[in-house]
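Next come the chains, spelled out residue by residue.
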Amino acid sequence: MELDKIGEYVKEVQDGGTLAVITEDRVAPLYLDRCLRSLRAAGFRTAEMVLPAGEATKNGGQYLDLLEFCAEVPLTRTDGIVALGGGMVGDLAGFTAATFLRGIRVIQVPTTLLAAVDSSVGGKTAIDLPAGKNLAGAFHQPALVVQDPSLLDSLPEDIFRDGMAEVIKYGIIADLDLFSELGDPAWVRAHIGTVIDRCVSIKKSFVEADEFDRGLRHMLNFGHTIGHAVEQLSRFTISHGSAVAIGMARMAEISAAQSWCSEEDRDRIRALLRVWGFDLAVPYPKEAVFRALCADKKRENGGLSLVTLDRIGACRIRPLPLEEVEALL
Ligand code: GLY
């Protein structure tokens, strides 16, 4: 798909009317004009809102401002929002679309690898609260996801690498062949469109089986339970991808120590993460990680579901009492 044809794609899901493009100030100079031009050429009225880049923007105050903006445009129930950006924009604009007028159309246009393979698909939208990340949100499926891999060409290396943690996760949970191909960064860069398609089709299969995240979809959280704890403890100075890489390496170690997976698979996972430059040491004491784990919103009655490794390409959800989780750490 091509950003310059977004107007044509949107026509397939919306018959005229207005589109409010929500983006952020690092993405706007690169892609906003192209997006607006194509939408207008296809006959849509447009409005735009440019937010400050960064996770700190994904807050309640900004969310209310966006609702006011939608009311001022004004958007009606037959209009839509275009989320042009990475995970922060997709989550915030998606949550705005989920709740404005009790739900209007959202079109996701991911501009980071992480958004392309994860946050733009599957319908999770959210804002952060002072008590934690993504604590208020809704399931709201996009009417359309415009995947233009050329938008990733401008990504700084560390932002691209952040998305690679999620790509590696898909290989670990469901696709040994994909995992095996990821050891060659030049190949990955050259075939990024194919890699994204494979990740999205894996995500699609989990989301179709469990849209509202009551069971099987937890599998997509491999490495995320420890990852979220590390992210939280670092006050978000450690990026999501880097934290998930630490979490995946640790879960591979735990799984091998319990003989749930082979030591060879553990070593292959750690080696691949290192090829992509991830630092795998857990930078906090295990007591602090455990306390942060206990605050995870996915906690269930007295326990926590950990996604553990059977082998590369197959994982398992283990509901465990908290004492057992503490002992595993
Ligand atoms: N990012 C995990 C999920 O969408 O369920």
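Our subject is the structure listed above.
How each quantity is defined
Residues numbered from 1 in each chain as written. Predicted model: local features only at pLDDT ≥ 70, side-chain atom pairs only at ≥ 80, totals over all residues. Heavy atoms only, no water. Pairing = 2+ DSSP bridges. Helix = DSSP H or I, 4+ residues; strand = E, 2+ residues; numbered from the N terminus. Contact = heavy atoms within 4.5 Å. Axes fitted to C-alpha atoms, helices over the stretch in contact; angles between N-to-C directions. Buried < 20%, exposed > 50% of the residue type's maximum accessible area, 1.4 Å probe, protein only. Expected span 1.5 Å × (residues − 1). Arc of directions from axis to C-beta. Near = heavy atom within 4 Å. Polar contact = N/O pair within 3.5 Å; in protein donor to acceptor, adjacent residues only side chain to side chain. Areas by Shrake-Rupley, 256 points an atom, 1.4 Å probe, with all protein chains shown as cover. 1 Å grid on protein atoms, 1.4 Å probe; cavity = no way out; pocket = protein on both sides within 12 Å on 5 of 7 lines; lining within 4 Å. Sits in = over half its atoms within 2 Å of the grid points. Nonpolar A, V, L, I, M, F, W, Y, C, P; charged D, E, K, R; others polar.

Draft legend 1. The sheet that holds strand β2 (residues 45–51), seen in detail. Ordered in space as β2-β1-β3-β4-β7, the five strands form an open sheet in which the pairing is parallel. Pairing within the sheet leaves two strands with one partner each, and these edge strands are β2 and β7 (144–145). Relative to strand β4 (residues 105–110), strand β3 (residues 80–85) runs parallel, the two being bridged by six bridges. Following the sheet pairing, Gly-85 is matched in β4 by Pro-110. Against the sheet, helix α2 (residues 28–41) engages β1 (18–24), β2 and β3, with an angle of about 165 degrees to β2. Packing against the sheet, helix α3 (residues 60–72) makes contact with β1, β2 and β3, and its axis sits at approximately 160 degrees to β2.

Draft legend 2. Representation of unusual backbone geometry within the structure. Looking along the chain, the bond that leaves Val-73 and enters Pro-74 is cis, with omega of -10 degrees. Here Pro-74 lies in the loop between α3 and β3. A positive phi angle, close to 60 degrees, is found at Ser-259, a residue other than glycine. Mapped onto the secondary structure, Ser-259 falls in the loop between α11 (240–257) and α12 (263–275). Accessibility expressed as a relative area gives 63% for Ser-259, which makes it exposed.

Draft legend 3. The arrangement of α2 in detail. Taking 1.5 Å as the rise per residue, α2 with 14 residues should run 20 Å; its terminal C-alpha atoms sit 19 Å apart, in good agreement. When we look at burial in α2, the residues that qualify are Ala-28, Tyr-31, Leu-32, Cys-35, Leu-36, Ser-38 and Leu-39. Buried residues of α2, viewed axially, fall in a sector of 165 degrees; they line one side. Projecting away from the buried face of α2 at angles above 90 degrees are the exposed residues Pro-29, Asp-33, Arg-37 and Ala-41. As for α2, its buried residues are in contact with α1 (6–11), β1, β2 and β3. With its phi angle positive at about 100 degrees, Gly-43 sits one or two positions after the end of α2.

Draft legend 4. Examining the site of the ligand more closely. Around the ligand, the structure places Asp-118, Lys-124, Lys-203, Arg-217 and Leu-220. Lys-124 places a side-chain nitrogen or oxygen 2.9 Å from an oxygen atom of the ligand. The side chain of Arg-217 places a nitrogen or oxygen atom 2.7 Å from an oxygen atom of the ligand. If the ligand stood free it would expose 200 Å²; the protein chains cover 89% of that surface. Here the ligand is seated within the largest pocket. Here the residues of the shell around the ligand sort into one nonpolar, no polar and four charged.

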